[in-house]
Number of protein chains: 2
Amino acid sequence: MRQSQLFGATRREISQEEESINAILLTRGGYICRTAAGVTSFLPLGLRVIENIKNIVRAEMNELPATQELLMPVFQPKDIWEESGRWDDEGMKEVMYRVQDTNMGIGATHEENATDLFRKLVSSYKELPLCIYQIQTKFRKELRAKSGLLRGREFIMKDLYSFHLTEEGFQDYYEQAAAAYLRVFERCGVNAIRTKASGGIFSKRPSDEFQVINSVGEDTIYLNPAGDEAWNEEMVTGQDDPRLLEWGGGEVRPAQATEVGNIFPYGTRYTVPMHGEVTDETGQKVPVIMGAYGIGISRLMGVITELYGNVETGKIAWPTGIAPFKVHLIDLSPDGQGNPIYDQLKAAGVEVLFDDRDRRAGEKFADADLIGAPIRLIVSKRSLDAGGVEAVKAWNISPDEREIVAVSELENFIR
Amino acid sequence: MRQSQLFGATRREISQEEESINAILLTRGGYICRTAAGVTSFLPLGLRVIENIKNIVRAEMNELPATQELLMPVFQPKDIWEESGRWDDEGMKEVMYRVQDTNMGIGATHEENATDLFRKLVSSYKELPLCIYQIQTKFRKELRAKSGLLRGREFIMKDLYSFHLTEEGFQDYYEQAAAAYLRVFERCGVNAIRTKASGGIFSKRPSDEFQVINSVGEDTIYLNPAGDEAWNEEMVTGQDDPRLLEWGGGEVRPAQATEVGNIFPYGTRYTVPMHGEVTDETGQKVPVIMGAYGIGISRLMGVITELYGNVETGKIAWPTGIAPFKVHLIDLSPDGQGNPIYDQLKAAGVEVLFDDRDRRAGEKFADADLIGAPIRLIVSKRSLDAGGVEAVKAWNISPDEREIVAVSELENFIR
């Protein structure tokens, strides 16, 4: 796309209210625009990042056995939440919004809805296992809504619900899902640590969180010496808790982290009260074993920015696959010599942003730093005289790392 | 995908509450599941249809000049709606839900949000024109919520907002958008008629609706003799209204229709009170000219079903490009001989649903009628003896129209 037409220009000055790295850089870069505390618009650049994350999540979820995508409603009728006992639950009341003058909640999570679908559409053990997920905007009361995309009252989430006949079948899927989660986070460039936590308002059983260490993390976790497992602070009494000492020596260290995903074993917490049952081999009705698996898509975008963004230098070096564009073509020539190169790349199907604006070079580079495409191509009189386009990895812009690539070789270079 | 794993099996019996063709067939076919009046889950088949419609809409919108996709929030803070004067507007109060114990509305439409973004991010006439759209779940109070996807309280919509410096620039875009709308509807297999209507709660100016004639349509329109233009009943006094007689002879006929899209000229209705202004060539601040353009994505799915579905025969003959799968491969062989053919088609990138279930042929065909893939392939001992797979267009299943296609020729046949 032509940058001259892109909605959401980069901004030099932004509101003093923004404090976190992700809020500052995503606002300055034209990715997001704040509407109210915890309520955000995704501008075209930001929506592209969200879609990239969604596609990674979708690809990994679709690889899980018996797992398929659907879309449940946002509006949540009181009757099914009364069946589970969560309509009048004080913990849930602190989380779920309600629609004025109706008997509707506003989707904070979808256990009730998923179980309701299950019991309406599945009747035999032969139809199990069944795992359904959706990618949807969710809403939660958040007194401390702030930190850009880390704590929203409205946010984008992937939530998956699994239904198994046996605890063994469930456990097997649970571990497969945990492995898929680690792959998702790795593809998004973040090192997520599987962390034992409480079930909160969802379950009395412990759950597994996926926590990413970062400076504005609001959770404290205790890491094992290898740094690949942790306990959430809420589960232990401190660094000397016997559960941590079980790791058998070495340093247990606390760290600040942000939760980007969680998986919950529910057992029959929802399927007993809501009659989420199937007929088993003997013809008896049995409640099924359920689990839930969430990934905060928009929060993940915030966390990636925290890790790959730098407020002082004004740069976001997006991981490949997350960046809004793979290639940023910057025209510094006096007479628009970038145009045929842009057409050539577009025709070759390259995701390219073309800076065709009449601006000074310094301004264009500052904007390019905020857009953070993995490959930057600079067209100038000097580069053309030298035989092509100056090509550089965006996170490595020291001049001696640049190389001249012939225009005819660009598609190969990009691949 | 394997039909044995598809969530949302076809159902013989459904609730007596459902009355309309689309509610009955989409529920029986496993496309949707009703959660409450006007609140619906889209099961995997239904989500595929929605995604197909979205992609058509997106492709046509992206062809419009200076038009790009973003995502605005569902939560709508009171302050911007007070600026436009619609927070306390009685007409809007009858439409927009509010969140209990907050100062938030629940997104019914996004003029205020779009204008707020515009004024925050655009300052010069040089940045115009600018047109932004989103595809999002919307919420509207709907006392008569019913008819499956035709009248939802929660529904999926594409809404686009245009900002132009001049009325002429706006008019030109408005007509281009109208033409794009007609292309969208044509690609979705529906004949939409451009219809003059009132601006309702959006504008005092008249608007253009896109109406599709069908038996459960709740609007009455008066068609010109050629049948390609109409007035909404609300705008005229009846068949003898002078405005209709201007068509100059021939029969003016009333028809029942459903609105699938609308376009609104706003002038400065929102940009004056909300200061949606730019600096013009002379350095003066001027309010910009605005328009809005909506398409009801989920409603369109309902209308397509009304037109292409038949409750008596239990068939939905989806237009190509809308069907959840392009190819339905039905295995009637006693020993799973469809399996290698399924693998072959999948490897070739064909969107294929494979009926691998252990069911009677009649049951499989009845289900296939509800899924309505444009191409049906039947593998049986008989077809294999005859040299391949029995291929048939799903809407033409009389036995003499069937042909035997060699397995090696299938990809060519499908293309």
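Definitions and limits used
Residues numbered from 1 in each chain as written. Chains lettered and ligands numbered in written order. Predicted model: local features only at pLDDT ≥ 70, side-chain atom pairs only at ≥ 80, totals over all residues. Heavy atoms only, no water. Phe/Tyr/Trp six-rings, centres within 6.5 Å; stacked < 30°, edge-to-face > 60°. Helix = DSSP H or I, 4+ residues; strand = E, 2+ residues; numbered from the N terminus. Buried < 20%, exposed > 50% of the residue type's maximum accessible area, 1.4 Å probe, protein only. Contact = heavy atoms within 4.5 Å. Buried area = accessible area lost by both parts, 1.4 Å probe. Polar contact = N/O pair within 3.5 Å; in protein donor to acceptor, adjacent residues only side chain to side chain. Nonpolar A, V, L, I, M, F, W, Y, C, P; charged D, E, K, R; others polar. pLDDT = per-residue confidence, 0-100. Axes fitted to C-alpha atoms, helices over the stretch in contact; angles between N-to-C directions. Parallel < 35°, antiparallel > 145°, perpendicular 65-115°, else oblique. Salt bridge = Lys/Arg side-chain N within 4 Å of Asp/Glu carboxyl O. Least-squares fit on C-alpha atoms with pLDDT ≥ 70 in both. Expected span 1.5 Å × (residues − 1). Lys, Arg positive; Asp, Glu negative; His and termini not counted. Pairing = 2+ DSSP bridges.

Caption draft 1: Structural view of the packing of aromatic side chains. As enumerated under the stated definition, the model contains 26 aromatic pairs over all chains in all. Between Tyr-181 of chain A and Phe-210 of chain A, the ring centres sit 5.3 Å apart and the planes meet at 50°, which makes this aromatic pair tilted. Here Tyr-181 of chain A is found in helix H6 (residues 167-187), whereas its partner Phe-210 of chain A is found in strand E9 (residues 207-213), with 29 residues between them in sequence. Judged by its relative accessible area of 0%, Phe-210 of chain A falls in the buried class. Residues Phe-264 of chain B and Tyr-266 of chain B carry aromatic rings whose centres are separated by 5.9 Å and whose planes lie at 20° to one another, so their mutual orientation is stacked. With respect to burial, Phe-264 of chain B and Tyr-266 of chain B carry one shared label: buried. Ring pairs connect the aromatic residues Phe-170, Tyr-173, Tyr-174 and Tyr-293 of chain A, which therefore count as one cluster.

Caption draft 2: Main features of the interface of chain B and chain A. Tallying the contact residues gives 46 residues for chain B and 46 residues for chain A. Each partner contributes to the roughly 4200 Å² buried at the junction of chain B and chain A, and carbon and sulfur atoms together form 69% of this total. On the chain B side of the contact with chain A, Phe-7, Phe-75 and Leu-121 of chain B bury the most area, a combined 17% of that side's loss. One can count 14 residue pairs in polar contact (both at pLDDT 80 or more) joining chain B with chain A. Here the side of chain B that touches chain A takes five residues from helix H5 (residues 111-121) of chain B, the largest share from any one element. The residue inventory of the side of chain B that touches chain A, partitioned by class, reads 30 nonpolar, nine polar and seven charged.

Caption draft 3: Broad picture of the environment of Glu-251 of chain A. Residue and element names in this part refer to chain A. Locating Glu-251 in the fold gives a position in the loop between helix H7 (242-245) and strand E12 (253-267). For Glu-251, a relative accessible area of 59% gives the class exposed. Glu-251 sits 82 residues away from Ser-333 along the chain, and the two C-alpha atoms are 57 Å apart. Setting aside chain neighbours within four positions, we find Glu-251 in contact with Leu-223, Asn-224 and Pro-225.

Caption draft 4: Region of the structure containing the confidence of the model for chain A. Residue-level pLDDT values for chain A average 93, and 97% of them are 70 or greater. Two summary scores accompany this predicted model of the complex, namely pTM at 0.96 and ipTM at 0.95.

Caption draft 5: The packing of helix H1 (residues 21-28) of chain A against helix H8 (residues 297-308) of chain A, seen in detail. All names here are of chain A. One can describe the packing of H1 onto H8 by two numbers: an axis separation of 8 Å at closest approach and a directional angle of 95°. The pairing of H1 with H8 is recorded here as roughly perpendicular in orientation. Counting all contacts with H1, which are made through Ile-21, Asn-22, Leu-25 and Leu-26, the residues of H8 involved are Met-301, Gly-302, Thr-305 and Glu-306. For the contact of H1 with H8, the per-class residue count stands at four nonpolar, three polar and one charged.

Caption draft 6: Summary view of the pattern of salt bridges. All names here are of chain A. Overall, the coordinates contain 57 salt bridges over all chains when judged by the stated rule. For the salt bridge of Arg-86 with Glu-112, the shortest nitrogen-to-oxygen distance reads 2.8 Å. Note that Arg-86 is positioned in the loop between helix H3 (78-84) and helix H4 (90-93) and Glu-112 in helix H5 (residues 111-121), a separation of 26 residues in sequence. As far as burial versus exposure is concerned, Arg-86 and Glu-112 are alike and both buried. We note a salt bridge from Arg-151 to Glu-142, for which the minimum N-O separation is 2.9 Å. A network of salt bridges, in which partner residues are shared, links Glu-83, Asp-116, Arg-119 and Lys-120.

Caption draft 7: Representation of the relation of the copies chain B and chain A in the model. Mapping chain B onto chain A calls for a rotation angle of 180° and an axial translation of 0.0 Å; the resulting RMSD is 0.0 Å. The superposition operator between the copies reduces to a two-fold rotation axis. A shared binding surface is used by both copies, with 100% of the interface residues of chain B retained as interface residues in chain A.

Caption draft 8: Seen up close, helix H8 (residues 297-308) of chain B. Residue and element names in this part refer to chain B. An ideal rise of 1.5 Å per residue puts 16 Å on twelve residues; H8 measures up with 17 Å between its terminal C-alpha atoms. The buried fraction of H8 amounts to nine of the twelve residues, a majority that puts the element mostly inside the structure. If you check which residues of H8 are buried, you get Ile-297, Ser-298, Leu-300, Met-301, Gly-302, Val-303, Ile-304, Thr-305 and Glu-306.

Caption draft 9: How the structure looks around the side chain of Glu-209 of chain A. Residues and elements named next belong to chain A. Mapped onto the fold, Glu-209 is located in strand E9. The side chain of Glu-209 is buried and forms no salt bridge, while Arg-299, the nearest opposite charge, is found at 8.1 Å. A polar side-chain atom of Glu-209 sits 2.6 Å from a polar atom in the side chain of Gln-211.

Caption draft 10: Examining the sheet that holds strand E18 (residues 327-331) of chain A more closely. Residue and element names in this part refer to chain A. Overall, mixed pairing links the five strands, which are arranged E19-E18-E20-E21-E22 in an open sheet. The sheet is open, and its two edges are formed by strand E19 (352-355) and strand E22 (403-405), each paired on a single side. For this sheet, the mean inter-axis angle between neighbouring strands, taken without regard to orientation, is 30°. Relative to E19, E18 runs parallel, the two being bridged by four bridges. In the sheet register, Val-327 faces E19, and the bridge partner there is Val-352. This element, helix H10 (residues 361-371), spans E18, E19 and strand E20 (375-379) of the sheet and lies at about 175° to E18.

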